[in-house]
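Here are the chains, one letter per residue:
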Amino acid sequence: MPAVRKICCIGAGYVGGPTMAVIADRCPQIEVTVVDLNAARIAAWNGDDLDGLPVYEPGLAVVVDRCRGRNLFFSTDVESAIAAADMVFLSVNTPTKTSGHGAGKASDLRWIEASARQVASCAKGHTIVVEKSTLPVRTAEAVAAILSQPQVSGATFSVLSNPEFLAEGTAISDLEGPDRVLIGGEDADAIEALAAIYAQWIPAERILRTNTWSSELSKLAANAFLAQRISSINSIAALCEATGANVAEVARAIGLDSRIGPRFLQAGPGYGGSCFQKDILNLVYLCEHYGLKEVAAYWQQVVELNFWQQDRIARLVVQKLFGTVTGKRLALFGFAFKADTNDTRESPAIRIGKRLIEEGAHLAIHDPKVSDDQISRDLGQAPVSKADGFGALGSWESVASPLEAATGADAVIILTEWSSFQSLDWLAIASVMRRPAWLFDARTVAQVDQARAAGLNVWRIGEG
Ligand code: NAD
Ligand code: UGA
């Protein structure tokens, strides 16, 4: 099979954009076109302002700047890009279904199907179709069935699974030095054509080849195992608080066991992000589909514990503030689901924020990267301005600095581990809060000794 010369990626989102930027950067001989139906998103990828790229990732702007217009293109012309490509990546969204059979658990595959149909109708010659999206096991069968319909153009196809393991906030370093790349498929030539692309910068022993179903399932299993670790450490954090143990000490002690390992043992307000919850629910749905009731219940519990952790933190804030937050100003530090991203999908801050708003609190939210519009969409209500009167029960505003957020507040609640929260001036913050004032550090980032010395009551996750 001749080497791949032109790639089209359908979906210019958090995965499609950074992944293709790195492929273009590492393979200057390949022309990469990323297409999307969302014209505003494509315009932002093409914009002069590199700070305005649709995805915020450390290092991304430099890579895009180096390749854009050279061998990396962003376009809304989906048909032409497919027609020109030897290889098409499907990197579209696969959220949880919200209605119909399997609602709340199964993946909504409408975008994958639509993009597969588009490839079927526009491709020319032999085209390798690569599933980059995270998909239920055996989706490749459906994609292949759509592509195997006789095409007027005479195009033929091979389908591969190549799930993406990048984490947001470290996408570029994850893509440049991945633990492994996984390629699942049955067509050896197609597998080698894709492996040859990654081999441009990834050591051969890290490029794994499996059958299609193992590849699709490995992605769901990897996310389930990672999320399970977080629910496990969060369950232990609650027990630490009840018993006087310290979760950071416990995490260190168990993490030094080389069979357990130290990573992904940071207790917090629960995991967020677009994928852990949806991928576990997808796994649960698959288990139920195959009659594995006990296996489904086992994984479902990882999600339940995550919700419980978020609700537990909201309840605890109310309890410590004399059982009521009605009419009180609470400063939320951080809204993104983790540091170094502007992504808020399934962020613990959303559920915790909504619970506190339901209790009548006024939230003063500060996040270095998340826009007001995004917070409005997530909380399902517009911010209030000074003119509306900040006393409005169950309301929120966005503020530019931690100090401004804390002014007049009864509590500061840290929900994202932005590095700037490590060096806050607690003396200054405490001096503008209403007393008695609390710091709730759900991420273990604040200098709590300084906060205590400044007169704040302090609660920290997992500390008895
Ligand atoms: P996203 O929502 O940011 O991007 C998907 C894009 O696809 C959207 O811009 C949408 O407009 C576009 N799209 C949908 N249908 C289309 C069509 N028919 N033609 C053209 N464009 C179309 O999603 P994402 O976060 O990039 O995730 C994509 C997939 O990758 C998901 O399956 C997800 O589970 C998986 N994944 C995500 C991450 C992550 O960190 N976000 C990591 C690994 C895997
Ligand atoms: C996760 C996986 O790490 C990626 O391998 C995977 O590709 C991706 O999901 C996906 O499929 O979308 P991501 O969600 O971007 O990546 O970020 P993580 O670093 O995994 O963090 C997820 C959540 O867990 C965050 O809310 C984070 O704050 C939380 N977390 C993480 C903890 O609470 N404790 C930890 O020790 C680690």
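1. Examining the environment of Arg-435
With respect to the secondary-structure elements, Arg-435 resides in the loop between α16 (426-432) and β13 (438-441). The sequence separation of Arg-435 and Arg-252 amounts to 183 residues, and the corresponding C-alpha distance is 35 Å. The contacts of Arg-435, once residues within four sequence positions are left out, are Ala-430, Ala-454 and Gly-455. Only 3.4 Å separates the side chain of Arg-435 from the backbone oxygen of Ala-454, close enough to count as a polar contact.

2. A look at the pairing of strand β9 (residues 329-333)
The side chains of a regular strand alternate between the sheet's two faces. Taken across its five residues, β9 has five buried, putting it largely inside the fold. Here β9 shows a buried face lined by Arg-329, Ala-331 and Phe-333 and a second buried face lined by Leu-330 and Leu-332. Bridge analysis of β9 against strand β10 (residues 362-366) gives five bridges, and the strand direction is parallel. Bridge pairing in β10 links Leu-332 to Ile-365. Regarding topology, helix α13 (residues 348-358) serves as the crossover connection from β9 to the parallel β10, and that connection is right-handed. Examined bridge by bridge, β9 and strand β12 (residues 411-414) share four bridges and lie parallel to one another. Within β12, the position partnered with Leu-332 by the bridge is Ile-413.

3. So, the nonpolar core
In terms of nonpolar packing, the biggest core is built from 64 residues, with Leu-330, Phe-333, Leu-356, Val-412, Trp-426 and Leu-439 touching the most fellow members. Sequence-distant contacts of Leu-439, that is, excluding residues within four places in its chain, are made with Val-412, Ile-414, Trp-426, Ala-446, Val-448, Ala-451, Leu-456, Asn-457, Val-458 and Trp-459. Residues Val-64, Val-130, Ala-171 and Ala-195 belong to the second largest nonpolar core, which totals 45 residues.

4. Regarding the layout of surface pockets
In this structure, the second largest pocket spans a volume of roughly 350 Å³. Forming the walls of the second largest pocket are 19 residues, and the residues nearest its centre are Ser-107, Leu-109, Pro-136, Thr-139 and Tyr-285. Only α5 (110-122), α6 (139-147) and α11 (276-289) provide two or more residues apiece to the lining of the second largest pocket. Here the residues of the lining of the second largest pocket sort into 11 nonpolar, five polar and three charged.

5. Examining the packing of α11 against helix α12 (residues 293-320)
It is at 8 Å that the axes of α11 and α12 come closest, and there the two elements cross at 155°. Classified by the angle between their axes, α11 and α12 sit roughly antiparallel to one another. For α11 against α12, the interelement crossing comes out left-handed. Of the residues in α12, those in contact with Gln-277, Ile-280, Leu-281, Leu-283, Val-284, Cys-287 and Glu-288 of α11 are Val-295, Ala-296, Trp-299, Gln-300, Val-302, Val-303 and Phe-307.

6. What about the pattern of salt bridges?
Enumeration according to the criterion identifies 21 salt bridges in this entry. Here Arg-460 ties to Glu-463 by a salt bridge, and the two come within 2.7 Å at their closest N and O atoms. Counted as one network, the salt bridges with shared partners bring together Asp-311, Arg-351, Arg-355 and Glu-358.

7. Brief notes about the site of ligand 1
Every one of the 25 residues lining ligand 1 counts as a neighbour, but Asp-36, Arg-41, Thr-94, Glu-168 and Lys-278 are closest to it. Between ligand 1 and the protein, one listed contact pairs an oxygen atom with a backbone N or O atom of Tyr-14 at 3.0 Å. At 3.3 Å from a nitrogen atom of ligand 1 is found a main-chain nitrogen or oxygen belonging to Leu-37. Protein chains shield 92% of the accessible area of ligand 1, which is 840 Å² for the free molecule. Tallied by class, the residues present in the shell around ligand 1 amount to eight nonpolar, 10 polar and seven charged.

8. A look at the side chain of Ser-107
Here Ser-107 shows up in the loop between β4 (87-90) and α5. One polar contact links Ser-107 to Asn-282, side chain to side chain, over a distance of 2.8 Å. Setting aside anything within four residues of it in sequence, one finds Ser-107 in contact with Thr-94, Pro-95, Lys-97, Pro-136 and Asn-282.

9. Here we look at the domain arrangement of the protein chain
It is common to give the size of an interface as the accessible area that goes away when the parts come together. Domain annotation for the protein chain reports domain 1 (6-210) and domain 2 (306-460). Contact residues are listed per partner, giving seven residues for domain 1 and nine residues for domain 2. Interface area, domain 1 with domain 2, both sides summed: about 680 Å², of which 45% is carbon and sulfur. The largest per-residue losses of area from domain 1 upon contact with domain 2 belong to Tyr-14, Tyr-56 and Glu-168, which jointly make up 80% of the total buried on that side.

10. Some details on the site of ligand 2
Taken together, 19 residues form the shell around ligand 2, and within it Phe-165, Leu-166, Glu-168, Cys-275 and Arg-443 come nearest. Interatomic distance of 2.8 Å between a backbone N/O atom of Gln-266 and a nitrogen atom of ligand 2. Between ligand 2 and Arg-443, the relevant distance is 2.7 Å, taken from an oxygen atom to a side-chain nitrogen or oxygen of the residue. Burial of ligand 2 by the surrounding chains reaches 90%, relative to a free accessible area of 700 Å². Counting residues per element, the shell around ligand 2 draws most heavily on helix α9 (residues 212-243), at four residues. Looking at the shell around ligand 2 residue by residue, the class counts come to 11 nonpolar, three polar and five charged.

11. Topic: the sheet that holds β12
Pairing is parallel in the open sheet, where six strands are placed in the order β11-β10-β9-β12-β13-β14. Pairing within the sheet leaves two strands with one partner each, and these edge strands are β11 (395-398) and β14 (457-460). Strand-to-strand, the axes of this sheet are offset by a mean angle of 20°, without reference to chain direction. Bridge count for β10 against β11 is four bridges, and the pairing is parallel. Pairing of Ala-364 across the sheet is with Glu-397, part of β11.

12. Overview of α5
Counted at 1.5 Å a residue, the expected span for α5 with its 13 residues is 18 Å, and the 18 Å between its end C-alpha atoms agrees. Taken together, the buried positions of α5 are Ile-112, Ser-115, Ala-116, Val-119, Ala-120 and Cys-122. Contacts made by the buried residues of α5 are with β1 (6-10), α4 (78-84), β4, β5 (126-131), α6 and β6 (156-161).

Here is what the cut-offs are and how they apply
- Starting from 1, residues in each chain are numbered consecutively following that chain's sequence as written.
- As a convention, the first chain written is A and the first ligand written is 1, with the rest following in written order.
- A pLDDT threshold of at least 70 governs which residues receive local features in this predicted model, and a stricter bar of 80 or more applies before side-chain atom pairs are shown or counted, although totals over entire chains, interfaces and linings include all residues.
- Note: side-chain values were computed over all heavy atoms of the structure, leaving out hydrogens and water.
- Secondary structure is summarised from DSSP: a helix means a run of H or I of at least four residues, a strand means a run of E of at least two, and numbering begins at the N terminus for each.
- By definition in these notes, contact holds between two residues if any of their heavy atoms fall within 4.5 Å.
- We define a polar contact as two N or O atoms separated by no more than 3.5 Å, with the added condition that, inside protein, one atom must be a possible hydrogen donor and the other a possible acceptor, whereas residues neighbouring each other in sequence contribute only through side-chain atom pairs.
- Accessibility here uses a 1.4 Å probe with only protein chains present; expressed as a share of the type maximum, an area under 20% marks a residue as buried, one over 50% as exposed, and anything in between as partly exposed.
- DSSP calls a pair of strands paired once it identifies at least 2 bridges connecting them.
- Seen with the strands pointing away from the viewer, any crossover whose path from the first strand over the helix to the second strand runs clockwise is right-handed.
- To form a nonpolar core, buried Ala, Val, Leu, Ile, Met, Phe, Trp, Tyr and Cys residues must be joined to one another through side-chain atoms within 4.5 Å.
- Only protein atoms enter the 1 Å grid, on which a cavity is a set of points fitting a 1.4 Å probe that cannot get out and a pocket is an open set with protein on both sides within 12 Å along at least 5 of 7 lines, lining residues being those with an atom within 4 Å of a point.
- Grid points are joined across faces, edges and corners, and a volume is the space filled by probe spheres set on the points.
- Residues were grouped as follows: Ala, Val, Leu, Ile, Met, Phe, Trp, Tyr, Cys and Pro as nonpolar; Asp, Glu, Lys and Arg as charged; and all remaining residues, including Gly, as polar.
- As a rule, the C-alpha atoms of each element are fitted with a line to give its axis, helices using only the stretch in contact, and angles between N-to-C directions run from 0 to 180 degrees.
- Any angle between 65 and 115 degrees counts as roughly perpendicular, while under 35 counts as roughly parallel, over 145 as roughly antiparallel, and the rest as oblique.
- In a left-handed crossing the near helix is turned counterclockwise from the far helix by less than a right angle, and in a right-handed crossing that turn is clockwise.
- In the sections that follow, a salt bridge refers to a side-chain nitrogen of Lys or Arg positioned within 4 Å of a carboxyl oxygen of Asp or Glu.
- For each residue, the test is whether any non-hydrogen atom lies within 4 Å of the molecule or strand; if one does, the residue is near.
- Here, Shrake-Rupley sampling with a 1.4 Å probe gives the accessible areas, and only protein chains in the shown set may cover a residue.
- An automatic or database domain assignment provides the domain bounds reported here.
- For any pair of parts, buried area is found by adding up, for both, the accessible area (1.4 Å probe) each one loses once the two are put together.
- Every helix has an expected span of 1.5 Å times one less than the residues it contains.

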